[in-house]
Each structure stands twice: as structure tokens, then as C-alpha cells.
Amino acid sequence: EGPYRDMGSAILEGDALRAGSLAGHLLDGGASPLSVVNDGVIPALEAVGEKYDRGEFFLPQLISSAEAARSVCDRAMELLAASGGEPRGRILLATVEGDLHDLGKNVVGTILRSHGYLVTDLGKDVPCSVLLEEAEKGRYDVIGLSALMTSTMRTMAAAVSEIRHRLPRVFVLVGGASVSASFADSIGAHGFAPDAVSTVRLVESLLG
Ligand code: B1M
């Protein structure tokens, strides 16, 4: 639809100011924060990825589109902030070492928070040692790892096996554009989620 398409074009053009203000209009007009991300930001970033693949976009465009996407996500996420109350579970999130993609993980974290989970987000490019140190300190129920590149899927596999070895009682879930359910299975993760809402469903089914 029109307003979503305009916001998508602004992301594609890397115009953070316009993307942010169009997102503000949509949200003020009652659009749900999740639909702004799912129906506006994600299709635009997919188009950015395709242009990059075809050699029509280079790294500078990728970066300015990502910044425009972030300004929209930040606005949407503010509105989704946790509603309070006892946490339904404790979740540790990170993008694996060597991988700087964090937009998707941030969406997952915000949606989990908005569903009442306590989320600690260690950020991106997180070495396994840092992850384990925090995981051993906190009483986490679930660790969620994100990877977007073929190269960092290997790092993810190593991290999953290390966590399962050191913390056998913690559920390890994985996600990210390059990850699939069969890959998750092959590296011994407890589950795979293709998007933020399925992450919540998966966590609910595991923690009861
Ligand atoms: Co890069 N990048 N990038 N990039 N980038 C991809 C991933 C790529 C597919 C683009 C392409 O070539 N078509 C490609 C990887 C190819 C591959 O290995 N298979 C790629 C590349 C090559 C690179 C660089 C190497 C480019 C270069 O330097 N030459 C470089 C790598 C840097 C590094 O990591 N070391 C690079 C850099 C960047 C930017 C920094 C410019 C920027 C990231 C900004 C940021 O995240 N802060 C960027 C972006 C934006 C992309 C694309 C265009 C979009 C990614 C994105 O944010 N998607 C991407 C192409 C694409 O995927 N279409 C691409 C939107 C986001 C909401 O989706 O992350 O999938 P996603 O998250 C979803 C689900 O996957 C799931 O839920 C989220 C919400 O629905 N999910 C989880 C994610 N994590 C989860 C964890 C869970 C559960 C669910 O835990 C339980």
C-alpha cells in the first residue's frame, strides 16, 4: 500500500529522515509497530539485498539503507516496549562472532520483550567466550543466536556445541536469513525460528 511503499522507497534510497518521518505518520495513524517492520522494513531490505546481489548497489548504499531501516525500527520498537510484570522467562541474545548484522536480532529482542520476557542483548560480533561468561552468570532459560552469512554459520555451529556442552539445561535457538530448520537440527540447536513472532511461539512452547 501507498504509505508502506513510500517508506520502503525512502529506505531503498537510504533517506533515514524521510523513512523515519513516514514511519512516524504510519504509527501515529494507528499502524501496528510490527506491521511497520514486517510489511515496510523487511520487504525494503530484501529489495536492497537483491540490488546488492545484482551489482546495482554497493556497500555505501547497503549501509545507508540499513541506517534508514534502523531509524524506522527504533521508532516502532519504542512503542513495543515491555508492558512490565513478572518476566515469563530469561533470554540471552547475540549475533555470533564475525557477523555485524543485528537489525533482525534487535527485532526479535523487542518482540520477546513486548511478550513479557526479560531479554539481555549482548549485541553483534559476540565471541563465544563472552556469551558463555554471561550465560554462566545469569539464570537464562534460552539463548538465541543470530547469523546472516554463510561464513558465520560455522561460528554459530561451534557456539551451539560449546553452549550445549557447558550449559546442558539451557535451550539454544538459532535464526537469521541464512539459517534453516535443517541446519539448526544438524548443529544440535533446540530450535529454529524464521522470524520474531515464531521465536515467541517457539519460546512459549519450550518454556510452557
Ligand atoms: Co549484509 N549481507 N553484509 N549488511 N546484508 C547480507 C546478509 C547478504 C545476504 C547480502 C547479499 O549479498 N545478498 C550477504 C551475505 C551473503 C552470505 O554469506 N550468504 C551480506 C554481506 C556479504 C555483507 C558484507 C560482507 C558486505 C561487504 O562488506 N562486502 C558485510 C559483512 C559485515 C559482517 O557482518 N562482518 C555486510 C554488511 C552489512 C551492513 C553493515 C551494511 C548491513 C547490516 C546493518 C545491521 O544489521 N546493523 C547489511 C544489511 C542490511 C544486509 C541485508 C541487505 C539485510 C539484512 C537485514 O537486516 N534484514 C542482507 C540481505 C538480506 O538478508 N536480504 C545482507 C532484515 C532483518 C529484519 O531480517 O536479519 O533475517 P533478518 O532477521 C529476521 C529473521 O532472520 C529472524 O527474525 C528476524 C525478524 O524477522 N532472526 C532470528 C534473525 N536472527 C534471529 C535469531 C533468533 C531467531 C530469529 O534467535 C532465536
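Residues numbered from 1 in each chain as written. Predicted model: local features only at pLDDT ≥ 70, side-chain atom pairs only at ≥ 80, totals over all residues. Heavy atoms only, no water.

Brief notes about the sheet that holds strand S5 (residues 191–192)
Ordered in space as S2-S1-S3-S4-S5, the 5 strands form an open sheet in which the pairing is parallel. Of all the strands in the sheet, the pair left with one neighbour each is strand S2 (118–121) and S5. The sheet contact formed by strand S3 (residues 142–146) and strand S4 (residues 171–175) spans 5 bridges and is parallel. Bridge pairing in S4 places Gly144 opposite Leu173. Of the strands in this sheet, strand S1 (90–95), S2 and S3 touch helix H6 (residues 128–137), which is tilted by about 175 degrees from S1. (Pairing = 2+ DSSP bridges. Helix = DSSP H or I, 4+ residues; strand = E, 2+ residues; numbered from the N terminus. Contact = heavy atoms within 4.5 Å. Axes fitted to C-alpha atoms, helices over the stretch in contact; angles between N-to-C directions.)

Regarding the side chain of Ser65
With respect to the helices and strands, Ser65 occurs in helix H4 (residues 59–79). For Ser65, the residues in contact, after removing those within four places along its chain, are Ile11, Leu12, Gly14, Leu45, Val48 and Phe57.

A word on helix H3 (residues 33–53)
Given a rise of 1.5 Å per residue, 21 residues ought to cover 30 Å, and the 29 Å separating the end C-alpha atoms of H3 matches this to within 8%. A maximum bend of about 30 degrees is found in H3 at Val41, where proline Pro43 lies one to four positions downstream. Listed in full, the buried residues belonging to H3 are Pro33, Ser35, Val36, Val37, Gly40, Val41, Ala44 and Val48. Phi turns positive one or two residues past the end of H3, at Gly55, with a value near 80 degrees. (Expected span 1.5 Å × (residues − 1). Bend = angle between axes of the 7 residues up to and from the residue. Buried < 20%, exposed > 50% of the residue type's maximum accessible area, 1.4 Å probe, protein only.)

Brief notes about the confidence of the model for the protein
Per-chain confidence: the protein averages 91 in pLDDT, with 96% of residues scoring 70 or above. Scored by ipTM, the complex comes to 0.98, with pTM at 0.85. (pLDDT = per-residue confidence, 0-100.)

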